[in-house]
Amino acid sequence: MASDTLRNDRFLRALRREPTDTTPVWLMRQAGRYLPEYRATRARAGSFLALAKTPELACEVTLQPLARFELDAAILFSDILTVPDAMGLGLYFADGEGPKFERPVGGADDIARLHVPDPETELRYVMDAVRLIRRELDGRVPLIGFAGSPWTLACYMIEGEGSRDFARAKALAWNEPALMHRLLDTVAQAVARYLAAQAAAGAQALMVFDTWGGLLGPAQFREFSLRYHAEVAAALRADPAARTVPLILFAKGANGHLEALADTGCAALGLDWTITLGEARARVGARVALQGNVDPALLLARPEAIRAEVEAAIADFGAHPGHVFNLGHGITPGVEPEHVRTLVDAVHEAGRRIRGT
Ligand code: CP3
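Residues numbered from 1 in each chain as written. Predicted model: local features only at pLDDT ≥ 70, side-chain atom pairs only at ≥ 80, totals over all residues. Heavy atoms only, no water.

A. Broad picture of helix H2 (residues 36-45). When we look at burial in H2, the residues that qualify are Tyr38, Thr41 and Ala45. Along the axis of H2, the buried residues cluster in a sector spanning 65°; they form a single face. For H2, the exposed residues lying more than 90 degrees away from the buried face are Ala43 and Arg44. One or two steps after H2, the chain reaches glycine 46, where phi turns positive at roughly 100°. (Buried < 20%, exposed > 50% of the residue type's maximum accessible area, 1.4 Å probe, protein only. Helix = DSSP H or I, 4+ residues; strand = E, 2+ residues; numbered from the N terminus. Arc of directions from axis to C-beta.)

What follows is the structure in structure tokens.
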């Protein structure tokens, strides 16, 4: 396997909280619309979904940011909503709008009908993309596979599209908790199976995005989000291919639950920008690595401001092992690619300086 010849293992070492020569960095949505070459490939594909569903094109855009910047990891180009799509909901993107489902989950009958997709057949295009990207990366940097969290996927499945508050999903949790648990249980099985298959296909780290966990109050977060994070993590630990693959858990807006999240069995926590790295490290740094967490809007600032903020974030974490630099959420479309270069290079410089390497 190509993993034998991994030439840059900073990212995997940091996830294991082992010393590194400098701070590893990758960025959520590093392959995306801020890159002209991404827009060109997407235009060739015809749509975002055609791009994501064609392994050769998904591989091409996965590698684009690595050709420009000294990133320490690649992330599979795909989407969290591929799983509900494979469950039969019919994912589509109306022009200029976010994701939508043709057949959202309405009630008990819809939930009873849902099945756990077989990744190697029903999500074959994702597994083929993982295998192809691993081959094309040829050991340059590790590949991250990912999935949405059960709660975040359930939000989209019930609402049928994006929302500011996902009120319909929350109402179902309050009105029919047993039904909500039935849905979350099926989605958690689907997510665990999908992530395990990505590991078997060659993903060297796995990340779960709980973008909407932070919408829930504390008790509901524990009941409807946290519990299923632990289930997914336990299923992965019991899987021969995924057992040794580090799992990163990103629950946006859920800083009140960092300790509990660190106890789910993940290797690292992703952080948004509403907490300092120093505070997060003081709370959970002995248990897990931390990934994050500068405000994505920093990439709209002047280069000097970008360098100063990167320096401050790295100083705040300190010269300890266990930090993967990232944004606190995805890169936004209007960002100047040269600003991304400034940030990536500033991370490596500041990371070396603080270690004296
Ligand atoms: O980070 C990467 O480079 C990997 C690719 C990736 C995409 N989506 C590609 C994408 C990842 C990791 C995701 C995850 C994802 N998808 C999340 C969780 C992370 C987060 O952002 O909170 C969510 C909630 C989704 C659902 C989704 N997909 C939304 C809300 C949208 C529309 C938002 C937008 O930026 O337009 C998408 C579409 C999408 N997924 C795009 C990309 C690059 C933009 C599509 C395009 O090219 O038009």
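B. Region of the structure containing the UniProt feature "domain: Uroporphyrinogen decarboxylase (URO-D)" (unreviewed entry) in the chain. According to UniProt, the feature "domain: Uroporphyrinogen decarboxylase (URO-D)" (unreviewed entry) maps to residues 24-33 and 144-160 in the numbering used here. Between the C-alpha atoms that bound residues 24-33 the distance is 23 Å, and the span itself is 0% helix and 0% strand. Secondary structure within residues 144-160 divides into 59% helix and 29% strand; the distance between the first and last C-alpha atoms comes to 27 Å. (UniProt positions renumbered as here; feature names shortened; annotations may be inferred.)

C. Seen up close, the sheet that holds strand S5 (residues 205-210). With parallel pairing, the seven strands of this open sheet are ordered in space as S1-S4-S5-S6-S7-S8-S9. Each having just a single partner strand, strand S1 (74-75) and strand S9 (323-327) make up the two edges of the open sheet. Direction of pairing for strand S8 (residues 289-294) relative to S9: parallel, over a ladder of five bridges. Paired with leucine 290 across the bridge in S9 is histidine 323. Packed onto the sheet, helix H11 (residues 177-201) meets strand S4 (143-148) and S5 and runs at close to 170° relative to S4. (Pairing = 2+ DSSP bridges. Contact = heavy atoms within 4.5 Å. Axes fitted to C-alpha atoms, helices over the stretch in contact; angles between N-to-C directions.)

D. Region of interest: the nonpolar core. Counting residues in hydrophobic clusters, the biggest one holds 136 residues, and the most contacted among them are Phe11, Met180, Leu269 and Leu343. Ranked by residues supplied to this core, first place goes to H11 with 14 residues. Apart from residues lying up to four places away in sequence, leucine 343 is in contact with Leu27, Val294, Leu298, Leu299, Ile306, Val310, Phe325 and Leu327. (Core = buried A, V, L, I, M, F, W, Y, C linked by side-chain atoms within 4.5 Å.)

E. How the structure looks around the packing of helix H5 (residues 82-89) against H11. Where H5 contacts H11, the two axes come as close as 10 Å, and the packing angle between them is 120°. The orientation of H5 with respect to H11, classified from their angle, is oblique. In the crossing of H5 with H11, the sense of the turn from one axis to the other is right-handed. Residue-level inspection shows Thr82, Val83 and Met87 of H5 in contact with H11, the latter providing Thr186, Val187, Ala190 and Tyr194. When its residues are assigned to classes, the contact of H5 with H11 shows five nonpolar, two polar and no charged. (Parallel < 35°, antiparallel > 145°, perpendicular 65-115°, else oblique. Left-handed = near helix turned anticlockwise from the far one by under 90°. Nonpolar A, V, L, I, M, F, W, Y, C, P; charged D, E, K, R; others polar.)

F. Structural detail: the UniProt feature "site: Transition state stabilizer" (unreviewed entry) in the chain. UniProt feature "site: Transition state stabilizer" (unreviewed entry): in the numbering of this structure it lies at Asp79. Its location among the elements puts aspartate 79 in the loop between S1 and H5. Not counting chain neighbours up to four residues away, the residues in contact with aspartate 79 comprise Phe48 and Phe146. Among the polar contacts made by the side chain of aspartate 79, one reaches the main-chain amide nitrogen of leucine 81 at a distance of 3.0 Å. (Polar contact = N/O pair within 3.5 Å; in protein donor to acceptor, adjacent residues only side chain to side chain.)

G. Expanded view of the site of the ligand. For the ligand, the set of nearby residues contains 21 residues, the closest of which are Arg29, Arg33, Tyr38, Arg42 and His329. In this structure, alanine 31 approaches the ligand through a main-chain N or O atom, which is 3.4 Å from an oxygen atom. Within the contact set of the ligand, a nitrogen atom lies 2.7 Å away from a side-chain nitrogen or oxygen of aspartate 79. For the ligand, the accessible surface in isolation is 870 Å², of which the surrounding protein chains cover 87%. Here the shell around the ligand is built from residues that sort into 13 nonpolar, four polar and four charged. (Near = heavy atom within 4 Å. Areas by Shrake-Rupley, 256 points an atom, 1.4 Å probe, with all protein chains shown as cover.)

H. Structural detail: unusual backbone geometry. In this chain, glycine 292 is followed by asparagine 293 through a cis amide linkage whose omega measures 0°. Tracing the backbone through its elements, the reader meets asparagine 293 in strand S8. Located in the positive-phi region is arginine 29, a residue other than glycine, with phi close to 60°. On the secondary structure map, arginine 29 appears in the loop between helix H1 (10-15) and H2.

I. Quick look at H5. In terms of residue burial, H5 counts as a mostly covered element, since seven of its eight residues are buried. Turning to H5, its buried residues number three or more, namely Thr82, Val83, Pro84, Asp85, Ala86, Met87 and Leu89. At the C-terminal side of H5, glycine 90 shows a positive phi close to 75°.

J. Up close: the packing of H11 against helix H12 (residues 218-237). Packing of H11 against H12 brings their axes to within 9 Å, and their N-to-C directions diverge by 30°. For the pair H11 and H12, the sense of crossing is right-handed. Here H11 contributes Pro177, Met180, His181, Leu184, Asp185, Ala188, Val191, Ala192, Leu195 and Ala196 to the contact with H12, which in turn contributes Glu223, Phe224, Arg227, Tyr228, Glu231, Val232, Ala235 and Leu236. Grouping the constituent residues of the contact of H11 with H12 by class yields 13 nonpolar, one polar and four charged.

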